[in-house]
Amino acid sequence: MSEALTEHLPPQAPKPSRRRELITFLVLAFGIWPIVAVGVVGGYGFFVWMLQIIYGPPGPPVH
């Protein structure tokens, strides 16, 4: 009877090992997130640069 019960249970996912979690953390911390951070800061800088090309530099209007 226990065989009939185990046939209908969903398969369990394997538990992630500590080593795999550490590798995932290192890839995220030192690989992906620095690239994302540089992309966000660079994109913002490019956006501000384009606004200054269109509307002029910030500051009081020239008389």
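On a predicted model such as this, the values are computed, not experimentally measured, just so you know.

1. Considering helix α2 (residues 18-55)
Here is step 1: Its 38 residues place the ends of α2 53 Å apart at the C-alpha level, agreeing with the 56 Å of an ideal helix rising 1.5 Å per residue.
Here is step 2: At L28, α2 is bent by approximately 35°, the largest bend along its length.
Here is step 3: Trailing α2 by a residue or two, G56 shows a phi angle of about 90°, which is positive.

2. Here we look at a nonpolar patch on the surface
Here is step 1: There is a patch of nonpolar side chains on the surface, built from Y44, F46, F47, W49, L51, I53, I54 and Y55 and spanning about 990 Å² of accessible area.
Here is step 2: Here Y44 lies in helix α2.

What counts as what
By convention here, each chain's residues receive numbers from 1 onward along its written sequence. In keeping with the predicted nature of the model, local features appear solely for residues at pLDDT of at least 70, side-chain atom pairs appear and are counted solely at 80 or more, and the whole-chain, interface and lining totals rest on all residues. Just so you know, side-chain values use all the structure's heavy atoms and leave hydrogens and water out. Secondary structure elements follow DSSP: runs of H or I no shorter than four residues count as helices, runs of E no shorter than two count as strands, and numbering proceeds from the N terminus. For a helix, the expected span equals 1.5 Å multiplied by the residue count minus one. The seven residues ending at a residue and the seven starting there each receive a fitted axis; the angle between those axes is the bend at that residue. Nonpolar side chains (Val, Leu, Ile, Met, Phe, Trp, Tyr) within 5 Å and like charges within 9 Å form the patches, drawn only from residues with over 30% relative accessible area and no salt bridge. Only the protein chains shown count as cover for residues, with accessible areas throughout obtained via the Shrake-Rupley method and a probe of 1.4 Å. We define a salt bridge as a side-chain nitrogen of Lys or Arg found within 4 Å of a carboxyl oxygen belonging to Asp or Glu.

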